[in-house]
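Residue-level structure breakdown
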Amino acid sequence: MSDKSTRARRAALVAVAATAALVLTACGGDGGHSGHSVASPSASADPVGGPHNAQDVSFAQGMIPHHRQAVEMAALASHRAASAEVKDLAARIEKAQGPEITTMTGWLRSWGAKVPAAGAAAGMPGMDHSGHSGMSGMMSTKDMDALKAASGKEFDTMFLTMMVEHHKGAVEMAGTEKAKGGSGPATSMADDIITAQNAEITEMNGLLGQG
């Protein structure tokens, strides 16, 4: 009887050990499932996993149209700019900010927050002096129309001047997110924006002869 009892206890222990091994394997594998998000709240692949606050939502909702306008401005350079350096810079801006728009859109959807309408970059920022805190550095409709009408060296100067101001606005917005945001992925992106866009501001001022 006791022998049977000992065998039963051993079998139970083996079963528990096997289950524990399976759980540990699952934790150490993908890690993107919601049950294990606490271990890595800053994992950008799982925006829902980490905590977030109202500042994170505001950052994404403001930065999406801000990035969209930068991408719109950069797209003009391929056929309007005279300088190869300006064309190269514009291509880098598009390459960096396009994926960031996609990432931030994913965050907002995951958080159940409103994603800015696709036309927001071209329509709403006509009020760049209206004090809209989420749109710092945005160009007005008049500015955008002037840029679209320019070409050659005139375009280069106008583009660089406008983009310096645009980048300064993005850096300001990102600074607020770094200071007040609660989401690891969002504050990490803000840090990347500050680093990359400050470097591009220096580059653009150099091209303008102001560096």
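A brief structural summary.

Moving on: the overall build of the chain. When helices and strands are counted, the chain shows seven helices and zero strands. Starting at the N terminus and ending at the C terminus, the chain contains elements arranged as α-α-α-α-α-α-α. Taking the contacts inside the chain whose residues are at least 6 apart along the sequence as the reference set, 76% of them involve residues at least 24 apart. A total of about 11300 Å² of accessible surface is found on the chain, and carbon and sulfur atoms cover 59% of it.

This part is about the packing of aromatic side chains. All told, the structure shown has two aromatic pairs when counted by the stated rule. Relative to W111, the ring of W107 lies with its centre 6.0 Å away and its plane at 25 degrees, an arrangement referred to as stacked. Across this residue pair, the class does not change: W107 and W111 are buried. Seen in terms of ring centroids, F155 and F159 are 5.6 Å apart; in terms of plane orientation they differ by 15 degrees. Their pairing is stacked. In this pair, F155 and F159 are both assigned in helix 6 (residues 152-180), four residues apart and thus about one turn of the helix distant.

In this model helix 7 (residues 184-207) runs 35 Å from its N-terminal to its C-terminal C-alpha over 24 residues, within 8% of the 34 Å that 1.5 Å per residue would give. Taken residue by residue, helix 7 has P185, A186, T187, M189, A190, I193, I194, Q197, E200, I201, M204 and N205 as its buried positions. Of the surrounding elements, those touching the buried residues of helix 7 are helix 2 (54-80), helix 3 (84-110) and helix 6.

The N-to-C vectors of helix 2 and helix 6 enclose an angle of 165 degrees; their axes lie 10 Å apart at closest approach. Classified by the angle between their axes, helix 2 and helix 6 sit roughly antiparallel to one another. For the element pair helix 2 and helix 6, the recorded crossing hand is left-handed. Classifying every residue of the contact of helix 2 with helix 6 by side-chain character gives 14 nonpolar, eight polar and four charged.

Here the focus is the side chain of T105. For T105, the position within the fold is in helix 3. In this structure T105 touches I64 and V115, once residues within four positions along its chain are discounted.

What follows concerns the pattern of salt bridges. According to the stated counting rule, one finds five salt bridges in the structure shown. Of the charged contacts in the structure, one is a salt bridge between E72 and K148, with a shortest N-O distance of 3.2 Å. In this pair, E72 sits in helix 2 while K148 sits in helix 5 (residues 141-149), placing the two residues 76 residues apart along the sequence. Relative accessible area serves as the criterion here: at 23%, E72 is assigned to the partly exposed category. Residue E203 is joined to R92 by a salt bridge in which the shortest nitrogen-to-oxygen separation is 2.7 Å.

Turning our attention to the side chain of S183. Assignment of secondary structure puts S183 in the loop between helix 6 and helix 7. For S183, a relative accessible area of 3% gives the class buried. Ignoring any residue separated from it by four or fewer positions in sequence, one finds S183 in contact with P51, H52, D56, W111 and E177.

What counts as what
- Residues numbered from 1 in each chain as written.
- Predicted model: local features only at pLDDT ≥ 70, side-chain atom pairs only at ≥ 80, totals over all residues.
- Heavy atoms only, no water.
- Helix = DSSP H or I, 4+ residues; strand = E, 2+ residues; numbered from the N terminus.
- Contact = heavy atoms within 4.5 Å.
- Areas by Shrake-Rupley, 256 points an atom, 1.4 Å probe, with all protein chains shown as cover.
- Phe/Tyr/Trp six-rings, centres within 6.5 Å; stacked < 30°, edge-to-face > 60°.
- Buried < 20%, exposed > 50% of the residue type's maximum accessible area, 1.4 Å probe, protein only.
- Expected span 1.5 Å × (residues − 1).
- Axes fitted to C-alpha atoms, helices over the stretch in contact; angles between N-to-C directions.
- Parallel < 35°, antiparallel > 145°, perpendicular 65-115°, else oblique.
- Left-handed = near helix turned anticlockwise from the far one by under 90°.
- Nonpolar A, V, L, I, M, F, W, Y, C, P; charged D, E, K, R; others polar.
- Salt bridge = Lys/Arg side-chain N within 4 Å of Asp/Glu carboxyl O.

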